[in-house]
Amino acid sequence: MGQKIKFNYKDKEYEFPLIQGTEGEVGIDIKTLRSETGLITLDPGYKNTGSCISSITYLDGENGILRYRGYDIDDLANNSSFIEVSYLLIFGEMPSSNELNKFENDIRKECLVHEDITSILKSFPHGAHPMGVLASLTSALISFNPGSVDVNSEEKMYHAIVQLIAKFSVLTAWVHRKVRGLPLNYSDNSLPYVENLAQMMFKNPNEEYRSNPVITSALNKLLILHADHEQNCSTSTVRIVGSSEAGLFASISAGISALWGRLHGGANQAVIEMLEMIKRDGGDASKFMEKAKDKNHSFRLMGFGHRVYKNFDPRAKIIKKTADGILKDLGIEDPILDIAKNLEQEALNDKYFVDRKLYPNVDFYSGIIYRALEIPTEMFTVMFALGRLPGWIAQWREMRLNKEPIGRPRQIYNGSISRNTKSKG
Ligand code: ACO
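Residues numbered from 1 in each chain as written. Predicted model: local features only at pLDDT ≥ 70, side-chain atom pairs only at ≥ 80, totals over all residues. Heavy atoms only, no water.

(A) Summary view of the site of the ligand. Around the ligand, the structure places 22 residues, and the nearest of them are His264, Arg300, Leu301, Gly303 and Arg307. Within the contact set of the ligand, an oxygen atom lies 2.9 Å away from a side-chain nitrogen or oxygen of His264. Separating an oxygen atom of the ligand from a side-chain N or O atom of Asn361 is a distance of 2.9 Å. Coverage of the ligand by the protein amounts to 78% of the 920 Å² it exposes when considered alone. Per-class residue counts for the shell around the ligand are 10 nonpolar, five polar and seven charged. (Near = heavy atom within 4 Å. Polar contact = N/O pair within 3.5 Å; in protein donor to acceptor, adjacent residues only side chain to side chain. Areas by Shrake-Rupley, 256 points an atom, 1.4 Å probe, with all protein chains shown as cover. Nonpolar A, V, L, I, M, F, W, Y, C, P; charged D, E, K, R; others polar.)

(B) A look at empty space enclosed by the protein. Inspection of the entire model under this criterion finds one cavity of 30 Å³ or more. In this structure, the largest cavity occupies an estimated 100 Å³ of space. Lining the largest cavity are Ile83, Glu104, Ile107, Arg108, Cys111, Ser169, Leu191, Pro192, Tyr193, Asn196, Leu197 and Met200. Elements that contribute at least two residues to the lining of the largest cavity include exactly α4 (97–109) and α8 (193–202). A total of four residues in the lining of the largest cavity trace back to one element, the largest contributor, which is α8. Considered class by class, the residues forming the lining of the largest cavity number eight nonpolar, two polar and two charged. (1 Å grid on protein atoms, 1.4 Å probe; cavity = no way out; pocket = protein on both sides within 12 Å on 5 of 7 lines; lining within 4 Å. Points joined across faces, edges and corners; volume = space filled by probe spheres on them. Helix = DSSP H or I, 4+ residues; strand = E, 2+ residues; numbered from the N terminus.)

(C) Structural detail: the pattern of salt bridges. As enumerated under the stated definition, the model contains 21 salt bridges in all. With a shortest N-O distance of 2.8 Å, Arg67 and Glu23 are connected by a salt bridge. Taken together, the positions of Arg67 in strand β5 (residues 65–68) and Glu23 in the loop between β2 (12–20) and β3 (26–28) put the pair 44 residues apart, joining distant regions of the chain. Classification of Glu23 by relative accessible area gives partly exposed; the value is 43%. Between Lys109 and Asp106 there is a salt bridge; the shortest N-O distance is 3.1 Å. Taken together, the residues span about one helical turn, with Lys109 and Asp106 both in helix α4 at a distance of three residues. Residues joined by salt bridges that share partners form a network here, namely Lys4, Lys6 and Glu15. (Salt bridge = Lys/Arg side-chain N within 4 Å of Asp/Glu carboxyl O. Buried < 20%, exposed > 50% of the residue type's maximum accessible area, 1.4 Å probe, protein only.)

(D) Just the side chain of Arg397, in detail. Following the sequence through the fold, Arg397 ends up in helix α18 (residues 380–401). Given a relative accessible area of 12%, Arg397 falls into the buried group. Those residues within four positions of Arg397 in sequence are excluded, and the remaining contacts are Ile90, Phe91, Glu154, Met157 and Ile161. (Contact = heavy atoms within 4.5 Å.)

(E) Representation of helix α7 (residues 154–180). Helix length check: α7 (27 residues) gives 39 Å between terminal C-alpha atoms against 39 Å at 1.5 Å per residue, within 8%. For α7, the tally of buried residues reaches 21 of 27 residues, placing the bulk of the element in the interior. One or two steps after α7, the chain reaches Gly181, where phi turns positive at roughly 65 degrees. (Expected span 1.5 Å × (residues − 1).)

(F) Region of the structure containing the sheet that holds strand β6 (residues 71–72). Strands sit in the order β4-β5-β6 across an open sheet of three strands; the sheet is antiparallel. Only two strands of the sheet have a single neighbouring strand rather than two, namely β4 (57–60) and β6. By the bridge criterion, four bridges tie β4 to β5 in an arrangement that is antiparallel. Each bridged residue has a counterpart across the sheet, and for Leu59 the counterpart in β5 is Leu66. (Pairing = 2+ DSSP bridges.)

(G) Geometry of the sheet that holds β2. In space, the three strands of this open sheet follow the order β1-β2-β3, with antiparallel pairing throughout. Two strands in the sheet have a free side with no partner beyond their single neighbour: β1 (4–9) and β3. The mean angle between the axes of side-by-side strands here comes to 30 degrees, regardless of whether they run parallel or antiparallel. Note: β1 against β2, six bridges, orientation antiparallel. For Lys4, the partnering residue across the bridge sits in β2 and is Pro17. (Axes fitted to C-alpha atoms, helices over the stretch in contact; angles between N-to-C directions.)

(H) View of the pairing of β4. Side chains Thr57 and Leu59 of β4 all project onto a buried face; the interleaved residues Tyr58 and Asp60 project onto the opposite face, where all are buried too. Joining the antiparallel neighbours β4 and β5 is a turn of four residues, in which Gly64 adopts a positive phi near 65 degrees.

(I) Region of the structure containing the side chain of Thr118. With respect to the secondary-structure elements, Thr118 resides in helix α5 (residues 116–123). Using a relative accessible area of 5% as the deciding quantity, one classes Thr118 as buried. The contact partners of Thr118, leaving out residues within four places of it in the chain, are Trp174, Leu184 and Tyr186.

(J) Summary view of the pairing of β5. Taking every second residue as pointing to the same face, the buried face of β5 carries Leu66 and Tyr68, while none of Ile65 and Arg67 on the other face is buried. In this sheet, β6 lies alongside β5 in antiparallel orientation, the contact comprising two bridges. Residue pairing across strands places Tyr68 opposite Tyr71, the latter belonging to β6. Where β5 hands over to β6, the hairpin turn is made up of two residues, of which Arg69 adopts a positive phi near 50 degrees.

Right under this line is the structure:
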């Protein structure tokens, strides 16, 4: 772009280049700031800080736009399969039908998980949170697939990626079975990915399992909508852990832990818990709205607000429509959906929410779909993690291929200045 930004510090003028992305966003390149000036920048929560240059996902929070590799999220959610989108995110282009077949087959070949993992799963107490179990099992997979990925070998990188996609779907299904106290199901390699996931999650030993296209289509859409979201908390975690050259599986396990929090992926569980609380309380949303606005109260309207979206989260729009459709198709009447819609209407017309540009986010309606699929509330964030997996992998791969330096922020120290034990009074 050629333009520079100038500033004076201690009577000296410094210049730093401006850098422009393909969609026009502009940043100041301060890579040499400290070496030239001795200064650092301070930006808690990274509200203004770009951590990398990435060509995976474009997000325009002001206009509610989300694209993976240039494809609009609406287009992908309505016209693609989750595995196609995974390939697109990771390798940069839509797969040809041959590439897609090969990718699907390679994933199928890796759909067995070491049987000893089942002993680890069984040893978790009943009531252990599924996100903790999933993070632990993903870490445990490292012991059964030792060796870090040789990122200089496309072949080895590809192998690690298909292994992880395959085994992660099995772990997700097994964690679900553990929560429900049901026997574990194994992969059926005759089925496409989402159908296979559904049978591993829902097949009962005492009856024939029939794939339900309403369920698989909703799952496919939800997984796509969650598949990537640029440099959010868990993705930044995956990139930063991976930057130390910790392996792919270890980096993903760290991402799962970051996703767990209720300000991030854990919000989908928190939303349903909040809606149930409103229902138990008689269904009056306005009381909870007041609580959310009260600065003396820690209560927040879960599923509302977003660091980047200052307009409708485009994923929330698609999910709301899908939730309506799936409840109708499955013949379910869920009063929680009505409470959610009332709450949304109140918030969209409330000055506090309007002024702060707080709109429903991806988590506001996703739980209603998971409930309709009879997935337990504490499993919701695990389903999010399964969807986010290809995004984490894509971001990890990009970071390693770009040979990004180890992530290591600086700080402004404001503790005690130098002292010694003898000066202790
Ligand atoms: N309910 C009530 N007030 C809110 C909410 C909310 N959900 N979200 C933000 N605010 C208010 C804040 O109190 C603050 O008000 P102030 O300016 O008067 O102090 C203002 O809006 C800005 O909020 P911040 O916390 O500074 O915004 P930030 O970008 O740091 O946080 C976040 C974004 C964490 C998502 C926040 O909106 C929130 O906590 N939402 C609820 C949790 C949630 O739904 N998380 C899922 C996000 S999507 C995802 O991660 C997958």
